[in-house]
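Here is what each chain is made of, one letter per residue.
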Amino acid sequence: MPPKSPSKKPAKKPAPAKAATKKKPAKSDEPPAMSPEDDLKAYREMLLIRRFEEKAGQMYGMGLIGGFCHLYIGQEAVIVGLMSAAKPGDQIVTGYRDHGHMLACGMDPKGVMAELTGREGGYSKGKGGSMHMFSVEKAFYGGHGIVGAQVPIGTGLGFANKYRGNDNVSLTFFGDGATNQGQVYESFNMAELWTLPVIYVIENNQYAMGTSVARASAQTNLSKRGVSFNIPGEQVDGMDVRAVRAAGEKAMAWCRSGKGPYILEMMTYRYRGHSMSDPAKYRAKEEVNKMRQEHDPIEQVRHRLLDAGTSEEALKDIDKKIRAAVAEAAEFAQSSPQPDPSELWTDVLAVAGA
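These numbers were taken from a predicted model, which means no experiment stands behind them.

Draft legend 1. Spatial organisation of the side chain of glutamate 53. In this fold, glutamate 53 is placed in helix α2 (residues 36-61). Here glutamate 53 sits buried without a salt bridge, and the closest side chain of opposite charge, arginine 97, lies 7.0 Å off (N-O distance). Among all residues touching glutamate 53, those that are not within four sequence positions of it are His70, Leu71, Tyr72, Ile73 and His99.

Okay, here's the thing in structure tokens:
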């Protein structure tokens, strides 16, 4: 069952309508099942993101990571589910809550952690930090620090795909807080006019920077934001990797067939604050605990694996190996040298023909 957006105060709907709304998400039919092998792969990938982010949060607290640091804990099923439906060549662009996207794209945890700590071994040579990592090899086009700025870029990637005549899809991620940005709607309009292969993925974690979506948006069903542009959209249980993959496959088939853009609103939830400096006092601890206990994306897969015959020992061994890999990444980051001062003058301008 997908998490619900926080309710408005006071409720404007009469009691019967409110009761009907409560029952709507409680569907008896489950998303298409994934094979135990696919479940195990998703489990590993989501657990890597979880453990990496936990370590990043720890290192931030120790002063080893400076600047901003936005953790992806709780939202892992969104990127992992969509990447399981994607094919090589599909591009990813997102905002500043981006470490999970990098790891799901196959970027090296060592390079990601080294960049977070501002070291030479990082993906941007230690000059960019959390929000400014790229990997053309992995078709990851950033991490962007300006709210909504990645949406026109993702739309441009879709234009490039159509211009080149390939069947690649641009997966353009942004949060519920970015949906009210004007550049988002300009992008929607252009994408539909030119039938661009772009999937706009709204990661609705309910609170943007700290304000409930119910208080910040007149239309809280964000999947409908493309209606005036004739862009289809749907809400998805972003805490269930199976639902995410199924929705991704549907949207990608739509784009690859030349029908234009598609909107997926992933109903998800972040367990931590907006960033490491956010104490998240705008929501009750009981709400967070309920999400962890009833909707955690990793625990859902874990239970399915156990039911399918995977042993508890095998899952513990996976966790042990992932923790070791993350510890190795942290060690690499701390032992990697600081960038040479001469790096201040590199990568400023693109050199023609380079």
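Picking up where we left off.
Draft legend 2. Just helix α6 (residues 150-164), in detail. Over its 15 residues, α6 extends 21 Å from the first C-alpha to the last, a length consistent with the 21 Å expected when each residue adds 1.5 Å. Within α6, burial applies to Gln150, Val151, Gly154, Thr155, Leu157, Gly158, Ala160 and Asn161. On its buried face, α6 sits against β1 (91-93), β2 (170-175), α7 (182-193) and β3 (198-204). Trailing α6 by a residue or two, glycine 165 shows a phi angle of about 75 degrees, which is positive.

Draft legend 3. Quick peek at the layout of surface pockets. Size it by volume and the second largest pocket reaches roughly 320 Å³. Along the wall of the second largest pocket there are 21 residues; nearest its centre are Tyr96, Arg97, Phe174, Gly175 and Asp176. For the lining of the second largest pocket, the residue count by class is eight nonpolar, 10 polar and three charged.

Draft legend 4. A look at the pairing of β3. For β3, a buried count of seven out of seven residues is recorded, marking the element as mostly surrounded by other parts of the structure. Going residue by residue along β3, you find Val198, Tyr200, Ile202 and Asn204 tucked away on one face and Ile199, Val201 and Glu203 tucked away on the opposite face as well. As paired strands, β2 and β3 are joined by six bridges and run parallel to one another. In the sheet register, leucine 171 faces β3, and the bridge partner there is isoleucine 199. For the handedness criterion, the β-α-β arrangement of β2, α7 and β3 is classed as right-handed.

Draft legend 5. Layout of a nonpolar patch on the surface. A cluster of nonpolar side chains, Phe159, Tyr163, Met190, Leu193 and Trp194, forms an exposed patch at the surface whose accessible area comes to about 600 Å². Mapped onto the nonpolar patch, the elements with two or more residues apiece are α6 and α7. Its location among the elements puts methionine 190 in helix α7.

Draft legend 6. Focus on the confidence of the model for the chain. For the chain, the mean per-residue pLDDT works out to 92, and 92% of the residues sit at or above 70. Within the model, the stretch residues 8-28 combines pLDDT values under 50 with 11 contacts to residues more than four positions away or in other chains.

Draft legend 7. Region of interest: the packing of α2 against helix α5 (residues 109-116). Between α2 and α5, whose axes approach to 11 Å, the crossing angle comes to 25 degrees. One way to sum up the angle between α2 and α5 is to call them roughly parallel. Our pair here, α2 against α5, has a crossing hand that is right-handed. Taking contact as the criterion, the partners of Phe52, Lys55, Ala56 and Met59 in α2 are, on α5, Pro109, Val112, Met113 and Leu116. Looking at the contact of α2 with α5 residue by residue, the class counts come to seven nonpolar, no polar and one charged.

Here is what the cut-offs are and how they apply
- Residues numbered from 1 in each chain as written.
- Predicted model: local features only at pLDDT ≥ 70, side-chain atom pairs only at ≥ 80, totals over all residues.
- Heavy atoms only, no water.
- Helix = DSSP H or I, 4+ residues; strand = E, 2+ residues; numbered from the N terminus.
- Buried < 20%, exposed > 50% of the residue type's maximum accessible area, 1.4 Å probe, protein only.
- Lys, Arg positive; Asp, Glu negative; His and termini not counted.
- Salt bridge = Lys/Arg side-chain N within 4 Å of Asp/Glu carboxyl O.
- Contact = heavy atoms within 4.5 Å.
- Expected span 1.5 Å × (residues − 1).
- 1 Å grid on protein atoms, 1.4 Å probe; cavity = no way out; pocket = protein on both sides within 12 Å on 5 of 7 lines; lining within 4 Å.
- Points joined across faces, edges and corners; volume = space filled by probe spheres on them.
- Nonpolar A, V, L, I, M, F, W, Y, C, P; charged D, E, K, R; others polar.
- Pairing = 2+ DSSP bridges.
- Right-handed = clockwise from strand over helix to strand, strands pointing away.
- Patch = residues over 30% accessible without salt bridge, like charges linked within 9 Å, V, L, I, M, F, W, Y side chains within 5 Å.
- Areas by Shrake-Rupley, 256 points an atom, 1.4 Å probe, with all protein chains shown as cover.
- pLDDT = per-residue confidence, 0-100.
- Axes fitted to C-alpha atoms, helices over the stretch in contact; angles between N-to-C directions.
- Parallel < 35°, antiparallel > 145°, perpendicular 65-115°, else oblique.
- Left-handed = near helix turned anticlockwise from the far one by under 90°.

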